[in-house]
Amino acid sequence: MRILHVITSLRTGGAEKLMVDLLPRFRDMGAEVDLLIFDGTATPFRKALEATGIRVIDFGKGGSVYNPLHAVRLAKLMRNYDIVHTHNTACQLFGAFGSLFSKAKLITTEHSSSNRRRGNRLLYWLDLWMYSRYNCIICIADKTATNLRMHLRRKEHGEDNITTILNGVDVNKYASATPSSELKSGLPDGTKAITMVAGFRWEKDQDTAIKALTFLPEEFHTFFVGDGVRRKECEQLAEQLGVSNRTHFMGIRSDVANILRASDYIVMSSHFEGLSLSSVEGMSVGKPFLASDVDGLREVVKDAGVLFPHSDAEALAQEIRMLDADPTYYRNVAEACRKRASQYDISTMSRNYMNVYKSLI
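Summarised in this report is the structure supplied together with it.

Reading the values: the criteria
Here the residue numbering is sequential within each chain, running from 1 through the sequence in written order. Whole-chain, interface and lining totals are the exception, using all residues; otherwise, since this is a predicted model, local features are given only for residues with pLDDT of at least 70 and side-chain atom pairs are given and counted only at 80 or more. No hydrogens and no water enter the side-chain calculation; it runs on all heavy atoms of the structure. One side-chain nitrogen of Lys or Arg within 4 Å of one carboxyl oxygen of Asp or Glu is enough to make a salt bridge. To qualify as a helix, a DSSP run of H or I must reach at least 4 residues; to qualify as a strand, a run of E must reach at least 2; elements of each kind are numbered from the N terminus. When accessible area is computed with a 1.4 Å probe and restricted to protein chains, residues below 20% of their type maximum are described as buried, those above 50% as exposed, and intermediate ones as partly exposed. Strands qualify as paired when DSSP identifies two bridges or more between them. Where helices are involved, their axes are fitted lines through C-alpha atoms of the stretch in contact, as for all axes, and angles between N-to-C directions lie from 0 to 180°. Helix span is expected to be 1.5 Å times the residue number reduced by one. The reported arc concerns the directions from the helix axis to the C-beta atoms and nothing else. Between N or O atoms, a polar contact is any pair within 3.5 Å; within protein, one atom must be a potential hydrogen donor and the other a potential acceptor, and residues adjacent in sequence are included only when both atoms are from side chains.

**Here we look at the pattern of salt bridges**
Evaluation of the coordinates by the stated rule reveals 24 salt bridges. The partner of Glu50 in a salt bridge is Arg46, with the nearest N and O atoms 3.2 Å apart. Within this pair, Glu50 and its partner Arg46 are both found in helix α2 (residues 44-51), separated by four residues, close to a single helical turn. Using a relative accessible area of 36% as the deciding quantity, one classes Glu50 as partly exposed. According to the relative accessible area criterion, Arg46 is buried, its value standing at 11%. Where Glu233 meets Arg230, a salt bridge forms, and the shortest distance between an N and an O atom there is 3.1 Å. Owing to a relative accessible area of 13%, Arg230 belongs among the buried residues under this scheme. Connected through salt bridges with shared partners, the residues Arg2, Glu32, Asp34 and Arg55 form a single ionic network.

Given below as structure tokens:
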């Protein structure tokens, strides 16, 4: 079985990290697996994936991921595979176009419970056509599937090409990682680290994590792992609020597991999610996990970690204070998070994906 996964880049993000962890497992199951990226910029994720022996094909470095030439190139490439599996909007759209000229079975993963296309009437008709070209649409959470069916005006439990397979991570890798000695290096003794791992994109809400520092004592510092278009805006916000000396922008890192293990609190502040892999990773390391009470996070975190009201910085700070003041509460939340994360192990996810591939072939 020849499988091609298609994603816009390997820069940063949950879907991109998923490629690094997931594709080698398909190869270990006997499949021949390649990855196509539209933007071939060298990144830690790309280097990590190539180090496993997975072939990465690219269409050049930089440029728009919506370059029409990508659609033509992808259509030609799809003829060489039994399964073509797309991620991200541009890849989904160009994969649908390529299906007109290829006999490959077409699959996509819907990674988010919402996006900016929904609500636009013209794009609705494009989505109807695009999703109809797919043999299977894998949603990463039940809420993601529900919202997609609502968007496409389908019945909630109708027989269609939409299914749910929960996202997963290598839980043991995070649970057993050595804590980073770098994280608090050069900072005063007693510094308490709050860490958020996420791209600086419009659906994320690093702003609230920054604002929360204004309600916390000086020993609390927040560390942001990731990069993106909103990073500069968030750096400016930290300056304006007078907390830039306690806000650390670490960029894209290859030692995320070590950083999380060295942290005291893990936060995911977001406007909405699909099923956040960064959240599952954060819940794996034996530290309390705090998340916005929004779709895609609520389902993962409820009754394990701590949910705080959407964009409520003061409430986030108050929850951290409560954990900090009560060691028993801290340990109980951390252990509940660890147990919840074990339900999202990547081994189960990879087997379920392979079952879908086999059923189509």
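Moving on from the model shown.
**Looking at the sheet that holds strand β9 (residues 220-225)**
Strands sit in the order β10-β9-β8-β11-β12-β13 across an open sheet of six strands; the sheet is parallel. Strands with a single pairing partner mark the edges of an open sheet, and in this sheet they are β10 (247-251) and β13 (306-308). In this sheet, adjacent strand axes meet at a mean angle of 25° when their direction is disregarded. Pairing geometry for strand β12 (residues 289-292) and β13, over three bridges, is parallel. The residue of β13 that forms the bridge with Leu290 is Val306.

**Observations concerning helix α14 (residues 327-341)**
With 15 residues, α14 extends 21 Å between its outermost C-alpha atoms, agreeing within 8% with the 21 Å of an ideal straight helix rising 1.5 Å per residue. Listing the buried residues of α14 in full gives Tyr330, Val333, Ala334, Cys337, Arg340 and Ala341. Down the axis of α14, the buried set is contained in an arc of 125°. They therefore lie on one face. Away from its buried face, by an angle of more than 90 degrees, α14 presents the exposed residues Arg331 and Asn332. For α14, the N-terminal capping position is held by Asp326, with its side-chain oxygen 3.2 Å away from the main-chain nitrogen of Thr328.

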